[in-house]
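# Structural overview
Each chain, letter by letter, is given below.
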Amino acid sequence: MEHYLGKEIPKLGFGLMRLPKNGEEIDVEQTKEMVDLFLEAGFNYFDTSWGYIGSEAAAREALMKRHPRESYLLATKCPAWAAKTKEKAQSMLDKSLERTGAGYFDFYLLHNLGESRSHYFDDYGIWEFLAKKKEEGVIRHLGFSFHDKAEELDKILTAHPEMEFVQLQINYADWEDPHVESGKCYEVARKHGKPVIIMEPVKGGTLAVLPEEADNIFRKADPEQSPSSWAIRYAASLDGVITVLSGMSNTEQMRDNISFMKDFKPLTQKERKVIEEVRKVLESCPTVPCTACGYCMEGCPESVAIYGTFQAVNIFKRYQDLNGAKGKYKWNTEGHGWGKASACIGCGACEAVCPQHISIREELKKAAEILE
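My aim in this report is to walk through the structure given alongside it, one point at a time. All of these numbers come straight from a predicted model, not from anything done at the bench. (Residues numbered from 1 in each chain as written. Predicted model: local features only at pLDDT ≥ 70, side-chain atom pairs only at ≥ 80, totals over all residues. Heavy atoms only, no water.)

A few words on the overall build of the protein chain. Within the protein chain one finds 16 helices and ten strands. Taken over the C-alpha trace, the protein chain has a radius of gyration of 21 Å; the compact-globule value for 372 residues is 21 Å, and the two agree within 12%. Counting only C-alpha atoms and orienting by the principal axes, one finds that the protein chain spans roughly 60 × 55 × 45 Å. Split into buried and exposed, the 372 residues of the protein chain put 54% on the buried side. Here the analysis covers contacts within the protein chain between residues at least 6 apart in sequence; of these, 76% occur between residues at least 24 apart. Looking at the protein chain, you have 47 positive and 57 negative side-chain charges, and the mean spots of the two groups are 1 Å apart. (Helix = DSSP H or I, 4+ residues; strand = E, 2+ residues; numbered from the N terminus. Rg over C-alpha atoms; globule rule 2.2 N^0.38 Å. Buried < 20%, exposed > 50% of the residue type's maximum accessible area, 1.4 Å probe, protein only. Contact = heavy atoms within 4.5 Å. Lys, Arg positive; Asp, Glu negative; His and termini not counted. Charge placed at Lys NZ, Arg CZ, Asp CG, Glu CD.)

What follows is the structure, given as structure tokens:
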């Protein structure tokens with residue numbers, strides 16, 4: 001039987017990214033209730049980040065001030081790409097220690113490697129800086145979270161074998177998605193012998209509310225289980241998993257997650273077939289047939305995020321999740337410095353090179369109506 005870092009950690013982790021709110025402020029009292037329910041059920045892994053506004057401070061109030069430090073595991077992250085200088089990037093660790101009052105971090109992550117973000121960790125000497133902090137005992141275990149393709153993950157793990165674990169976006173909808181390469185990234189991590197922390201098992205809440213046809217498949221198989229339970233158990237059933245992070249936003253979600261993860265049982269073969277059936281239904285929904293080759297964007301005079309726009313549109317078409325689609329759209333456009341769909345001037349340069357022969361100009365007009 002395989003032994004790995006975190007094998008003994010309960011397979012449900014509390015992601016503190018989407019905490020309940022009173023208006024703009026985090027609802028600390030409800031967060032306290034959720035923390036207590038989580039710990040009482042035997043779970044102990046909490047995940048926050050320097051960049052989750054108010055989250056580290058809320059963790060201090062709801063967790064650090066109210067429970068013995070040895071009774072839980074705390075993870076936070078360093079988004080070096082959000083800093084303008086090396087000093088600022090390296091100061092993020094101390095800031096997180098100050099905000100949380102944790103004394104040390106059980107798991108510390110270089111946050112969101114991939115795409116144009118990875119080089120900041122090299123430029124600012126973050127790898128070496130954090131290795132030193134680990135030697136000093138401020139960090140118990142060091143790893144990174146990642147949003148990119150499997151080939152890039154392989155390069156990073158080859159260059160940094162000292163990393164102890166990887167945090168990946170894994171869920172049944174993204175497992176074979178060519179844009180996310182969930183399954184391929186998991187296989188790369190396992191090839192390098194790294195255990196995995198799973199994020200986005202419910203795809204940012206998208207897999208919690210499914211189209212009727214997909215929802216009916218789950219209800220027929222087990223009317224007592226929520227769609228979220230299928231998604232989280234799918235992720236937790238993989239080998240080499242430290243824990244599966246669920247970004248719970250209220251006590252009801254917490255109680256639901258605890259109900260099926262307290263005595264966690266991996267998926268049976270029969271249950272895996274049910275999920276496969278649901279995945280096929282989701283994949284059959286009419287979507288823009290974009291393969292993200294990027295040819296269209298090379299000659300676009302307005303630098304429109306064409307395939308990023310279609311990725312967001314397809315979230316809406318497949319799951320009817322408008323908030324999720326708009327979030328993805330904002331990230332794929334503003335978040336990466338690309339133009340919005342409405343910036344298209346209709347020149348047609350994109351359509352001339354599209355291998356899938358998509359009516360890009362027409363699809364961009366529709367996208368702007370939905371997402372802007």
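With that out of the way, let us pick up the packing of helix H13 (residues 306–319) against helix H16 (residues 360–371). Closest axis-to-axis distance for the H13/H16 pair is 10 Å, and the angle between their directions is 55°. In terms of axis orientation, H13 runs oblique to H16. Relative to H16, the crossing made by H13 is left-handed. In this structure, H13 uses Ile306, Thr309, Phe310, Ala312, Val313 and Phe316 to contact H16, whose residues at the interface are Ile360, Glu363, Leu364, Ala367, Ile370 and Leu371. Here the residues of the contact of H13 with H16 are counted per class, giving ten nonpolar, one polar and one charged. (Axes fitted to C-alpha atoms, helices over the stretch in contact; angles between N-to-C directions. Parallel < 35°, antiparallel > 145°, perpendicular 65-115°, else oblique. Left-handed = near helix turned anticlockwise from the far one by under 90°. Nonpolar A, V, L, I, M, F, W, Y, C, P; charged D, E, K, R; others polar.)

Glancing now at the side chain of Thr48. Checked against the element boundaries, Thr48 lands in the loop between strand E4 (45–47) and helix H2 (55–64). Residues within four places of Thr48 in sequence aside, it is in contact with Leu16, Ser55, Glu56, Leu74, Ala75, Thr76 and Lys77.

A few words now on the packing of helix H1 (residues 28–40) against H2. Look at H1 against H2: their axes get within 9 Å of each other, and the N-to-C directions meet at 55°. Viewed along their axes, H1 and H2 adopt a mutual orientation that is oblique. Pair H1 / H2 crosses with right-handed handedness. Between H1 and H2, the contacting residues are Val28, Thr31, Lys32, Val35 and Leu39 on the first element and Glu61, Ala62 and Leu63 on the second. A class-by-class count of the residues in the contact of H1 with H2 yields five nonpolar, one polar and two charged.

For the rest of this paragraph, the subject is H1. Counted at 1.5 Å a residue, the expected span for H1 with its 13 residues is 18 Å, and the 18 Å between its end C-alpha atoms agrees. Within H1, the full set of buried residues consists of Thr31, Met34, Val35, Asp36, Leu37, Phe38 and Leu39. Residues of H1 that are buried make contact with strand E1 (12–15), strand E3 (25–26), E4, H2 and helix H10 (251–261). You can read the cap of H1 off the contacts: a side-chain oxygen lies 3.3 Å from the backbone nitrogen of Glu29, and it is on Asp27. Phi for Gly42, located one or two positions after H1, is positive at around 100°. (Expected span 1.5 Å × (residues − 1). Polar contact = N/O pair within 3.5 Å; in protein donor to acceptor, adjacent residues only side chain to side chain.)

On to the nonpolar core, then. Judged by nonpolar contacts, the single largest core of 110 residues is most densely connected at Phe14, Phe46, Leu110, Phe144 and Tyr172. Contacts of Phe14, omitting those with residues within four sequence positions, involve Leu19, Met34, Val35, Phe38, Tyr45, Phe46, Asp47, Leu245, Ser246, Met248 and Met254. By size, the runner-up hydrophobic cluster in this structure holds eleven residues, among which are Tyr45, Leu73, Phe107 and Phe165. (Core = buried A, V, L, I, M, F, W, Y, C linked by side-chain atoms within 4.5 Å.)

A word on the pattern of salt bridges. A full pass over the atoms with the stated rule returns 21 salt bridges. Ionic pairing is found between Glu29 and Lys32, a salt bridge with its closest N-O pair at 3.2 Å. Remark: Lys32 and Glu29 occur in helix H1; sequence separation between them is three residues, near one turn of the helix. A relative accessible area of 53% places Glu29 in the exposed class. Glu33 is paired through a salt bridge with Arg255; the nearest N and O atoms lie 3.8 Å apart. With Glu33 in helix H1 and Arg255 in helix H10, the pair connects residues that are 222 residues apart, well separated along the chain. Residue Arg255 is classed as partly exposed on the basis of its relative accessible area of 48%. (Salt bridge = Lys/Arg side-chain N within 4 Å of Asp/Glu carboxyl O.)

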